[in-house]
Amino acid sequence: MAKITKLDDIVSLCKRRGFIFQSSEIYGGLASCYDYGPLGVELKNNVRKAWWKAVVQMRDDVVGLDCSILMHPLVWKASGHADQFADLIAECKKCNTRTRVDHLREKVAEQAPLENHPEDELVAAGDSLLTEQAEEHTEHISIDAALAKAQDLSNKVCPNCGTVGRFTEPMPFKLMFETQMGANVDDSMTLFLRPETAQGIFANFRNVLDTTRVKIPFGIAQIGKSFRNEVTTKAFIFRTREFEQAELEFFCEPGTDDHWYEHWKEARFNWYTDLGLKKENLRFRVHDADELAHYAKACVDVEYRFPFGSGDWQELEGVANRTDFDLRQHQRGMRTLNKWFENDRDLTKIELSGEAEDYQSGPLSYFDDEQKRRYIPYVIEPSAGIDRSALAFLVDAYDEEEVRGEKRNLLRFHPALAPIKVAVFPLVKKDGMPEIAQNIYNDLKKYFNCFYDQKGAVGRRYRRQDEAGTPFCLTVDGQTKQDNTVTVRERDSMEQVRVSTDQLLSHLREKLEV
Ligand code: GAP
């Protein structure tokens, strides 16, 4: 039997309570794709809103953007994705399963006791969710350099069939999904589903400069779907092929980049703890020099202690100093446009043009009014995953406790993230209580996401809301008719206070901080 772990509990709660479902479940499911149910969509919306509030709304130096998913193919040539966005994989000669080389695990000594190798215990138990290491893809690998690096796979285990050391030579596997645009043969072309939202921001840098009054330092933020044909997925919504990113490209003067890098590192770490993630489950992991993408000056991951994988700590978000790489690359891309038409719009036939000598005053440069000079700004990029953050918030909020001999499951969400803020109940379905409760519900739902429930014992209704993470439940009872008060029960402490109905809105607003 599979070992019961916290992630299993989360997966089962998500399904049972309508947070997250497998995509196309009625057809047997589509691997690595998920749908957010009624509670899940509220949670995800709240994660987005909280990110937008912190990164855009509360700042005077960040503006927002919403770009199309399909972009000109030259974008991906210039960014490096068309040629270098790949994982190194090897195929098991026995079962033909392909695995990322950096995900292959060494065979462990046979006599080692299982308890010293919790992951192997899971493998032995056949728990498909938890057998993989959940590391990120190798961003922008130089395929030639990666292939040239000696790989000893002789003691590596195939995660599918368990065979040791029978792999093909490593080969690159491209991660961008391709699609076709256009109905006519002569004007159709191959496009890519964007693998990150960042490039839409770089491609609109000039537009934002020309249409707003932004001055460096400033940022452009975007939340949207990205797609990667990941070789290894699993681990629920941690790594999927379709996911949502929240990215900020913060443009600054070269020389001030270290300051802004530190600024965003701290701001992003605090965002998670302000929304309730326990500090002890969060840490920074600084990338070693040999791990950095070739254009990055520095990169740090905000890691969360997820209840799966090797060593538990997994990337939640990356904060990178991308220097002036991307804007300079897109200036090269713009210079390549003629070749694109000359080569029948076939990306595989063209090389990116070189950089102009005076690239510092190119079309994507910035003119600094005060210093009277042009330069290509440096970029600090905090890049987060909305789905991955939602998973971290779910895992961190999940709790079980015993109350009067019974198990209580609850999600201790921060109020800003809770899908439902307030549930309203009549104690019983008679004596005018449902009518009063309905009136309160109708008033409050103008301000918060509320839920009305009159079915079953009130204790069970409380438990259902605890499991949905609802911070407050209001109950209309016999006393309500006499003194116009209702009970307000708080999820975490289960404490109840009586609040007058005319004070309810201000009471809840204060408690919910909304
Ligand atoms: N523009 C930089 C960039 O895309 P990344 O580290 O590849 O960097 C940023 O991705 C974040 O996007 C990750 O930290 C993670 O939260 C999320 N992410 C990336 N790939 C993902 C996937 N396959 N499934 C879910 N989230 C993913």
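Residues numbered from 1 in each chain as written. Predicted model: local features only at pLDDT ≥ 70, side-chain atom pairs only at ≥ 80, totals over all residues. Heavy atoms only, no water.

Draft legend 1. Spotlight on the overall build of the protein chain. Tallying secondary structure elements over the protein chain gives 16 helices and 25 strands in all. By the compact-globule yardstick of 24 Å for 514 residues, the protein chain fits well, its C-alpha radius of gyration being 26 Å. In the protein chain, which comprises 514 residues, the share counted as buried stands at 51%. Here the contacts in the protein chain between residues at least 6 apart in sequence split such that 67% fall between residues at least 24 apart. Total accessible area computed for the protein chain in this model is approximately 24,400 Å², and 49% of it derives from carbon and sulfur atoms. Averaging the locations of the 69 positively and 85 negatively charged side chains of the protein chain gives two centres separated by 5 Å. (Helix = DSSP H or I, 4+ residues; strand = E, 2+ residues; numbered from the N terminus. Rg over C-alpha atoms; globule rule 2.2 N^0.38 Å. Buried < 20%, exposed > 50% of the residue type's maximum accessible area, 1.4 Å probe, protein only. Contact = heavy atoms within 4.5 Å. Areas by Shrake-Rupley, 256 points an atom, 1.4 Å probe, with all protein chains shown as cover. Lys, Arg positive; Asp, Glu negative; His and termini not counted. Charge placed at Lys NZ, Arg CZ, Asp CG, Glu CD.)

Draft legend 2. How the structure looks around the pairing of strand β21 (residues 422-426). Burial of β21 is extensive: five of the five residues sit out of reach of the surface. On β21, burial covers both faces: V422, V424 and P426 on one face and A423 and F425 on the other are all buried. Viewed along the sheet, the connection from β21 through helix α13 (residues 433-444) into strand β22 (residues 450-452) turns out right-handed. By the bridge criterion, five bridges tie β21 to strand β23 (residues 472-476) in an arrangement that is parallel. The residue bridging V424 from the neighbouring strand is L474, located in β23. (Right-handed = clockwise from strand over helix to strand, strands pointing away. Pairing = 2+ DSSP bridges.)

Draft legend 3. Molecular detail of the sheet that holds strand β18 (residues 378-385). The sheet built from seven strands is open, its strands ordered β3-β11-β12-β18-β15-β14-β13 with mixed pairing. Of all the strands in the sheet, the pair left with one neighbour each is β3 (62-64) and β13 (282-286). The mean angle between the axes of side-by-side strands here comes to 25°, regardless of whether they run parallel or antiparallel. Two elements, strand β11 (residues 218-227) and strand β12 (residues 242-252), share 10 bridges in a ladder whose sense is antiparallel. Across the sheet, residue S226 finds its bridge partner in β12, namely F243. (Axes fitted to C-alpha atoms, helices over the stretch in contact; angles between N-to-C directions.)

Draft legend 4. Quick peek at the site of the ligand. Surveying the vicinity of the ligand reveals 22 residues, the closest of which are E196, E230, T240, E247 and E315. Within the side chain of E230, one N or O atom sits 2.8 Å away from a nitrogen atom of the ligand. E381 is positioned with one of its side-chain polar atoms (N or O) 3.0 Å from a nitrogen atom of the ligand. Summarising the interface, the protein chains cover 96% of the accessible area of the ligand, which totals 550 Å² for the free molecule. For the shell around the ligand, the secondary-structure elements that each account for two or more residues are β12, β15 (313-323) and β18. Broken down by element, the residue count for the shell around the ligand peaks at five residues, all from β15. Its residues placed into classes, the shell around the ligand shows five nonpolar, six polar and 11 charged. (Near = heavy atom within 4 Å. Polar contact = N/O pair within 3.5 Å; in protein donor to acceptor, adjacent residues only side chain to side chain. Nonpolar A, V, L, I, M, F, W, Y, C, P; charged D, E, K, R; others polar.)

Draft legend 5. Spotlight on the packing of helix α2 (residues 38-57) against helix α12 (residues 386-397). For the pair α2 and α12, interaxial distance at closest approach is 10 Å and the crossing angle is 110°. Between α2 and α12, the angle falls in the class roughly perpendicular. In this structure, the crossing between α2 and α12 has a hand that is right-handed. For the pair α2 and α12, the contacting residues are L43, K44, V47 and R48 in the first and I386, D387, S389, A390, F393 and L394 in the second. Tallied by class, residues from the contact of α2 with α12 come to six nonpolar, one polar and three charged. (Parallel < 35°, antiparallel > 145°, perpendicular 65-115°, else oblique. Left-handed = near helix turned anticlockwise from the far one by under 90°.)

Draft legend 6. How the structure looks around the nonpolar core. Counting residues in hydrophobic clusters, the biggest one holds 60 residues, and the most contacted among them are F19, W51, Y272, L391 and L394. Per-element tally for this core: the top contributor is α12, with eight residues. The contact partners of L391, leaving out residues within four places of it in the chain, are L7, I10, A235, F236, I237, F238, F306 and F308. One finds A198, F251, Y375 and I376 within the second-largest nonpolar core, a separate group that totals 20 residues. (Core = buried A, V, L, I, M, F, W, Y, C linked by side-chain atoms within 4.5 Å.)

Draft legend 7. Structural detail: the environment of A183. Note that A183 resides in the loop between β9 (178-181) and β10 (189-192). Along the backbone, A183 and P73 are 110 residues apart, and their C-alpha atoms lie at a distance of 17 Å.

Draft legend 8. Structural view of the state of the cysteines. Under the definition given, this model contains zero disulfides. No disulfide involves C252; its sulfur sits 15 Å from that of C299, the nearest cysteine. You can call C252 buried: its relative accessible area is 0%. (Disulfide = S-S within 2.5 Å.)

Draft legend 9. Fine view of the packing of aromatic side chains. The full count for this structure, using the stated rule, is 19 aromatic pairs. Both rings, one in F205 and one in F251, keep their centres 4.6 Å apart while their planes meet at 45°; by these two values the pair is tilted. Placement of F205 in helix α8 (residues 205-211) and of F251 in strand β12 is noted, with a sequence separation of 46 residues between them. In this pair, the class of F205 matches that of F251, namely buried. Ring plane angle 75° and centroid distance 4.9 Å describe the contact between Y304 and F306, whose orientation is recorded as edge-to-face. Like F306, Y304 is buried. Three or more aromatic residues link up through ring pairs in this structure, and these residues are F202, F205, F218 and F251. In this arrangement the basic side chain of R461 is found over the ring face of F425, its NZ or CZ atom lying 5.3 Å from the centre. (Phe/Tyr/Trp six-rings, centres within 6.5 Å; stacked < 30°, edge-to-face > 60°. Lys NZ or Arg CZ within 6 Å of the ring centre and 35° of its normal.)

Draft legend 10. Main features of α2. If you check α2, its first and last C-alpha atoms are 26 Å apart, about what 20 residues at 1.5 Å a residue would give, namely 28 Å. Residues of α2 that are buried include every one of L39, G40, L43, K44, N46, V47, A50, W51, V55 and V56, and no others. (Expected span 1.5 Å × (residues − 1).)

Draft legend 11. Region of interest: the pattern of salt bridges. The full count for this structure, using the stated rule, is 42 salt bridges. For the salt bridge of E467 with R16, the shortest nitrogen-to-oxygen distance reads 2.5 Å. One end of the pair, E467, is in helix α14 (residues 458-468); the other, R16, is in helix α1 (residues 6-16), with 451 residues separating them in the sequence. R16 sits in the partly exposed class, given a relative accessible area of 45%. Residue E244 pairs with K44 through a salt bridge whose shortest N-O separation is 3.2 Å. You can see E244 sitting in strand β12 and its partner K44 sitting in helix α2, a full 200 residues away along the chain. Here the two residues E244 and K44 agree in accessibility, since each one is buried. Each of the salt bridges in this network shares a partner with another, and the network as a whole consists of D399, E401, R408, R412, R463, D466, R489, R491 and D492. (Salt bridge = Lys/Arg side-chain N within 4 Å of Asp/Glu carboxyl O.)

Treat this as a map of the structure, not an account of what it does.
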